[in-house]
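Survey of secondary and tertiary structure
Take a look at the letters that make up each chain.
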Amino acid sequence: MIEDAGSMLQVIVLAAGEGTRLSRLTTDESGTSVPKQFCSLNGGASLLEEALARAAAVASPAQTLVVVAAEHRRFWQNALADVPPHNVIVQPRNRGTANGILLGVSAILERDADALVAIVPSDH
């Protein structure tokens, strides 16, 4: 875990995107497009799981927030079962990367105004 002058590193995992550019590669067996962060591109962990592993390398689960979109609940609900509920930030709907970052940073600032923040995208 990284600390600086008493401030804890907080991580925001961004997982609210639609993944439309890869939709031809990320459809399920019924033809439904699945946002790419909930897919595995190599047969292993999903991109979200890989992002959570990257976050865990530098911060504890208590210092990791995940920003998701409400309309993707069926994809992230089970995937985030081990994340503390207050660390799952649900956007009413995806409004882009900047808004996802702002929402996560706002939640962190309420907890620790001096926090260091790392942004971890889950869709690449």
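Note: the structure precedes this text.
Keep in mind it's a predicted model, so treat the numbers as computed, not measured. Numbers given for residues are sequential positions, taken from 1 along each chain in its written order. At least 70 in pLDDT is required for a residue's local features to be given in this predicted model, at least 80 for side-chain atom pairs to be given and counted, and no such filter applies to totals for whole chains, interfaces and linings, which use all residues. Here the side-chain values reflect all heavy atoms present in the structure, with hydrogen atoms and water set aside.

1. Describing the overall build of the chain
- Working definition: helices are DSSP H or I runs of at least four residues, strands are E runs of at least two. Numbering for both runs from the N terminus. Summing up its helical and strand segments, the chain has three helices and five strands in all.
- When the helices and strands of the chain are listed from N to C terminus, the series reads β-β-α-β-α-β-α-β.
- For each residue, the accessible area found with a 1.4 Å probe, counting protein chains only, is set against the maximum for its type, and the residue is called buried under 20%, exposed over 50%, and partly exposed in between. The proportion of buried residues among the 124 residues of the chain is 40%.
- Any two residues whose heavy atoms approach within 4.5 Å are treated as being in contact. In the chain, of all internal contacts separated by at least 6 residues, the share reaching a separation of at least 24 is 62%.

2. Observations concerning the side chain of S46
- Topologically, S46 is positioned in the loop between β2 (7–15) and α1 (47–56).
- On the accessibility criterion, S46 (10% relative accessible area) is buried.
- Sequence-distant contacts of S46, defined by excluding residues within four places in its chain, comprise Q37, F38, C39 and S40.

3. Topic: the nonpolar core
- In terms of nonpolar packing, the biggest core is built from 20 residues, with V11, V13, L48, V66, V68 and L80 touching the most fellow members.
- Sorting the residues of this core by element identifies β2, α1, β3 (64–69) and α2 (73–79) as the ones contributing at least two each.
- In this structure V13 touches L48, A51, L52, A55, T64, L65, V66, V67, V120 and S122, once residues within four positions along its chain are discounted.
- The definition of a nonpolar core used throughout is a set of buried Ala, Val, Leu, Ile, Met, Phe, Trp, Tyr and Cys residues joined through side-chain atoms within 4.5 Å. Among the nonpolar cores identified, the runner-up in size contains eight residues, and I12, L65, V67 and A115 belong to it.

4. Here we look at the packing of aromatic side chains
- Here the aromatic set is Phe, Tyr and Trp, taking the six-membered ring for Trp, and pairing holds for ring centres within 6.5 Å; pairs whose planes are under 30 degrees apart are stacked, those over 60 apart are edge-to-face, and all others are tilted. Per the counting criterion, the structure on display carries one aromatic pair.
- When the ring of F38 is compared with that of F75, the centres are 5.5 Å apart and the planes differ by 20°; the resulting orientation is stacked. Linking F38 in the loop between β2 and α1 with F75 in helix α2, this pair joins segments that are 37 residues apart in sequence.
- Residue classification places F38 among the buried residues on the basis of a relative accessible area of 15%.

Keep in mind these values describe shape, not function.
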